[in-house]
Amino acid sequence: MAQTESVSGPSTDHVEWERKPKSIDANLRDYETAYKNFSWKDVEREFDWSHTGKVNLVHEAVDRHAASWRKNKVALYYTDYDKRDEKFTFQDLKIQTSRAAHALKSLGVKKGDRIGVFLPRIPELYIVILGIHRLGAIPVPLFEAFMQQAVQDRLGNSEANVCITTPALKSRIPLAELPALKKLLLVGASDGLAPNESSYESLTAKAPDWLEPEWLTVDDGLVIHYTSGSTGKSKGALHRQYAMIGHYQTAKWALDLRDDDIYWCTADPGWVTGTSYGIYGPWTLGVSSVVIGGRFDPERWYQTIQRYQVTMWYSAPTAFRMLMSAGEAVPAKYNLKSLRHICSVGEPLNPEALRWVKKITGLAPHETWWMTETGMHIICNYRSLDFKVGCTGKSFPGTYASVVDDAGKEVPPGQLGHLVVKPGWPAMMKEIWNNKPKFDEYFRIPGWYSSGDTAYKDADGYIWYQGRGDDVIKTAGERVGPFEVESALVAHPAVAEAGVIGKPDAVRGQIIKAFIALRKGHQPSDELKKEIADFVKKHLAAHAAPREIDFVEKIPKTRSGKIMRRVLRAMDLGEPVGDVSTMEE
Ligand code: WTA
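Residues numbered from 1 in each chain as written. Predicted model: local features only at pLDDT ≥ 70, side-chain atom pairs only at ≥ 80, totals over all residues. Heavy atoms only, no water.

Observations concerning the overall build of the chain
At step 1: On a plain count of helices and strands, the chain comes out with 18 helices and 28 strands.
At step 2: In summary, the chain has a C-alpha radius of gyration of 24 Å against a globular reference of 25 Å for 585 residues, a match within 12%.
At step 3: Dimensions along the principal axes, computed over C-alpha positions, put the chain at roughly 70 × 65 × 50 Å.
At step 4: Counting across all 585 residues of the chain, residues that qualify as buried make up 61%.
At step 5: By sequence separation, contacts in the chain at least 24 residues apart represent 70% of the contacts at least 6 residues apart.
At step 6: Accessible area for the chain stands at about 23300 Å²; split by element, carbon and sulfur atoms hold 51% of it.
At step 7: Each charge class in the chain was averaged separately, 74 positive and 73 negative side chains, and the resulting centres sit 2 Å apart. (Helix = DSSP H or I, 4+ residues; strand = E, 2+ residues; numbered from the N terminus. Rg over C-alpha atoms; globule rule 2.2 N^0.38 Å. Buried < 20%, exposed > 50% of the residue type's maximum accessible area, 1.4 Å probe, protein only. Contact = heavy atoms within 4.5 Å. Areas by Shrake-Rupley, 256 points an atom, 1.4 Å probe, with all protein chains shown as cover. Lys, Arg positive; Asp, Glu negative; His and termini not counted. Charge placed at Lys NZ, Arg CZ, Asp CG, Glu CD.)

Following this line, the structure appears as structure tokens:
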């Protein structure tokens, strides 16, 4: 494979350092010493379950705080800048998540069941996920922008038997195609419930204020997040309860969260960042979180920092670049001085975006590298550790990431290779739901978990992410599989064949570009491009729709029918592609 050839990464002799004052008051003060002495056993001791043997995330994230001095501390500040403006203490969360659990229990939900959560970013989204944990069931969060096909694939594969949703979103749940899905719990339904539907408000209004958590083992399921690979439909990464110790420790040392923080994670719990670091990390630490509903809007975002006096902000490069393109006059209107630390995730943070955030806030965003499958941060830049602008960082204590060749041998500094992690960190996925072969693919390089990314390590031990080694697309930080998009495209009556790639983009990192061969009788036109893109938006998800379409005669394929995306990428760059019939399988 190309990525393990002996290609050197760019020289880092002239890189710009982000230096840290020696006196910095970070939770993790001395990375190197902590790395040497670290033991996950020490972290376990900070959880009640290590003394009681009774495991449940909701106890550690909610109930134990409600029984402590944090009882009346705000856990969740919520606004949608329109209809709702609310706050919930840990005690409120204990009551609300107990009521949600009673409601779900009355629908028959029990330990181990997979429960779809298809809600917009409203407080109930957070309450319901924790309510599901209270019953020992497994939430399957679905991003609110998913359309029918995406919803069907995920609920179908996980065989969810109940889904919590809203009257507006329920039309995207094709019940006829989902034999396991028996009941819908609707948030905000006024009347006219079908026999298989219940009202969240009516069931929770009658429910008692307390339900003891279902006690589990550390190996029991926590959450399933669906994510995309380069082939096939999306796959469900199942995490175990034990992952919570990883969320907790990384939130403490990489996000540097403290009791007096007001923390804002901008990610939606439909994606892993929104659960690992929107729910599990901050709340096992007992930290106050801010959540805002509605769409991205630069004014609102700065307003949120000012309004809640946000101290720690966790966001993504595309968001920083979008703020950047809104200009400097917008942040100048707001007071952002409350901020003390910023982290970034999901895609590489380009130095321009880093410098811009630093200019408007005085703080450089710190990268965190991880994946749905890793469940928690693996490679980070730390608040107390000098780092190089543009680099991804160093392995989190208790984990070991490296760069290897095809045989699993670590390559010398500067040499490009596979970015891998030594298996065994606490939040490593337990399985790919119902798909052992897919799970095994991650361990194809003996002794390592393969991320699918390429990287190199420099002489100082810093890891530099270089790109994906496969065809997975990262658009605006969201992970999209080309196969899912191609399948949606070929369902359009005018499309005979389709091939999809990620095309580099200054703001979104990548955009989705589709090459399409039309069926006989259809003529290429701009209207048809728009119609096809809208078709994907309507059936799959807006973020998965191609932003660029090229009509071609034929999609280049191998003899066995595999789309040659490498050739599509060359075509996109206008490079000669030669005789594709001689391409290797
Ligand atoms: C990419 C998101 C560069 C990477 C938590 C990885 C990054 C994929 C970074 C996982 C980073 C994540 N720098 N690339 N700091 N963080 N990635 O599953 O390609 O949505 O494999 O998890 O995002 O995406 P996922």
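Quick look at empty space enclosed by the protein
At step 1: Using the criterion set out here, one finds two cavities of 30 Å³ or more in the structure.
At step 2: Its boundaries defined by the atoms lining it, the largest cavity holds a volume of some 100 Å³.
At step 3: Taken together, 14 residues make up the lining of the largest cavity; nearest its centre are Phe146, Arg154, Arg479, Glu484 and His543.
At step 4: Contributing elements (two or more residues each) for the lining of the largest cavity: helix 7 (148-158), strand 9 (221-227) and strand 25 (478-480).
At step 5: Of the voids in this model, the second largest cavity is the one considered here, and its volume is about 40 Å³.
At step 6: Lining the second largest cavity, in full, are Tyr126, Cys265, Ala267, Gly278, Ser289, Val290 and Val291.
At step 7: Ranked by residues supplied to the lining of the second largest cavity, first place goes to strand 12 (residues 288-292) with three residues.
At step 8: Tallied by class, residues from the lining of the second largest cavity come to five nonpolar, two polar and no charged. (1 Å grid on protein atoms, 1.4 Å probe; cavity = no way out; pocket = protein on both sides within 12 Å on 5 of 7 lines; lining within 4 Å. Points joined across faces, edges and corners; volume = space filled by probe spheres on them. Nonpolar A, V, L, I, M, F, W, Y, C, P; charged D, E, K, R; others polar.)

Here we look at the packing of helix 9 (residues 243-253) against helix 10 (residues 272-284)
At step 1: It is the contact of helix 9 with helix 10, at a shortest axis distance of 8 Å, that shows an interaxial angle of 85 degrees. With respect to helix 10, the element helix 9 is oriented roughly perpendicular. Residues Gly246, His247, Tyr248, Thr250 and Ala251 of helix 9 form the contact with helix 10, whose participating residues are Ser276, Tyr277, Tyr280, Gly281, Pro282 and Thr284. (Axes fitted to C-alpha atoms, helices over the stretch in contact; angles between N-to-C directions. Parallel < 35°, antiparallel > 145°, perpendicular 65-115°, else oblique.)

Notes on the site of the ligand
At step 1: For the ligand, the set of nearby residues contains 18 residues, the closest of which are Glu367, Thr368, Thr372, Lys474 and Arg479.
At step 2: Taking Gly346, its main chain carries an N or O atom lying 3.2 Å from a nitrogen atom of the ligand.
At step 3: One of the side-chain nitrogen or oxygen atoms of Asp453 is found 2.9 Å away from an oxygen atom of the ligand.
At step 4: Look at the ligand: alone it shows 530 Å² of surface, and the protein chains cover 97% of it.
At step 5: For the shell around the ligand, the secondary-structure elements that each account for two or more residues are helix 10, strand 15 (366-369) and strand 23 (463-468).
At step 6: Along the lines of polarity and charge, the residues of the shell around the ligand split into seven nonpolar, five polar and six charged. (Near = heavy atom within 4 Å. Polar contact = N/O pair within 3.5 Å; in protein donor to acceptor, adjacent residues only side chain to side chain.)

Section: the sheet that holds strand 7 (residues 183-186)
At step 1: Taken in spatial order, the five strands line up as 5-4-6-7-8 in an open sheet, and their pairing is parallel. Edge positions in the sheet fall to strand 5 (138-141) and strand 8 (197-199), since each of these pairs with one other strand and no more. The mean inter-strand angle of the sheet, taken between neighbouring strand axes irrespective of direction, is 25 degrees.
At step 2: The pairing of strand 4 (residues 114-117) with strand 5 spans four bridges and is classified as parallel. From the neighbouring strand, Ile115 faces strand 5, where its bridge partner is Pro139.
At step 3: Contacts between helix 6 (residues 123-134) and the sheet are confined to strand 4, strand 5 and strand 6 (162-165), with strand 4 contributing the most and set at about 180 degrees to the helix. (Pairing = 2+ DSSP bridges.)

Focus on the sheet that holds strand 23
At step 1: The four strands lie next to each other as 19-20-22-23, forming an open sheet whose pairing is antiparallel. Both outer strands of the open sheet, strand 19 (401-404) and strand 23, are each paired with one neighbouring strand and no more. On average, adjacent strands in this sheet sit at an angle of 50 degrees to one another, irrespective of strand direction.
At step 2: Bridge analysis of strand 19 against strand 20 (residues 417-421) gives four bridges, and the strand direction is antiparallel. Opposite Ala401, over in strand 20, you have Val421 as the bridge partner.

Considering the pairing of strand 10 (residues 235-240)
Where a strand is regular, its side chains alternate between the two sheet faces.
At step 1: Counting buried positions over the six residues of strand 10 gives five, a clear majority of the element.
At step 2: For strand 9 and strand 10, the ladder comprises six bridges, and the chain directions are antiparallel. Across the sheet, the residue bridging to Gly221 is Arg240, located in strand 10.
At step 3: The sheet contact formed by strand 10 and strand 21 (residues 431-432) spans two bridges and is antiparallel. Following the sheet pairing, Leu238 is matched in strand 21 by Glu431.

A short note on the pattern of salt bridges
At step 1: For the structure on display, the rule yields 49 salt bridges.
At step 2: Salt-bridge contacts for Glu46 lead to Lys252; the nearest nitrogen and oxygen are separated by 3.2 Å. With Glu46 in the loop between helix 2 (40-44) and helix 3 (49-52) and Lys252 in helix 9, this residue pair connects regions lying 206 residues apart in the sequence.
At step 3: Looking at Glu46, the relative accessible area reads 33%, which means it is partly exposed.
At step 4: In this structure, the salt-bridge partner of Arg64 is Glu60, at a minimum N-O distance of 3.4 Å. Separated by four residues within a single helix, Arg64 and Glu60 lie in helix 4 (residues 57-66), roughly one turn from each other. Just as Arg64 is buried, Glu60 falls in that class too. (Salt bridge = Lys/Arg side-chain N within 4 Å of Asp/Glu carboxyl O.)

Quick word on the packing of helix 12 (residues 317-325) against helix 14 (residues 351-361)
Packed helix pairs are characterised by how far apart their axes lie and by the angle those axes make with each other.
At step 1: Packing of helix 12 against helix 14 brings their axes to within 10 Å, and their N-to-C directions diverge by 65 degrees. Crossing handedness for the pair helix 12 and helix 14: left-handed. Residues Phe320, Arg321, Leu323 and Met324 of helix 12 form the contact with helix 14, whose own contacting residues are Glu352, Ala353, Trp356 and Val357.
At step 2: Residue composition of the contact of helix 12 with helix 14, by class: six nonpolar, no polar and two charged. (Left-handed = near helix turned anticlockwise from the far one by under 90°.)

Overview of the packing of aromatic side chains
At step 1: Counted according to the given criterion, the structure contains 30 aromatic pairs.
At step 2: Both rings, one in Trp40 and one in Phe396, keep their centres 6.4 Å apart while their planes meet at 25 degrees; by these two values the pair is stacked. Taken together, the positions of Trp40 in helix 2 and Phe396 in the loop between strand 18 (394-395) and strand 19 put the pair 356 residues apart, joining distant regions of the chain. Across this residue pair, the class does not change: Trp40 and Phe396 are buried.
At step 3: On the numbers, 5.4 Å between centres and 75 degrees between planes, the contact of Trp425 with Tyr449 is edge-to-face. (Phe/Tyr/Trp six-rings, centres within 6.5 Å; stacked < 30°, edge-to-face > 60°.)

A few points about the confidence of the model for the chain
At step 1: On average, the chain scores 95 in pLDDT, and the residues at 70 or more come to 96%.
At step 2: Within the chain, helix 4 carries the highest mean pLDDT (99), whereas helix 18 (residues 565-572) carries the lowest (94).
At step 3: Contacts for the low-pLDDT stretch residues 1-7, under 50 throughout, to residues beyond four places or in other chains number 21 contacts. (pLDDT = per-residue confidence, 0-100.)

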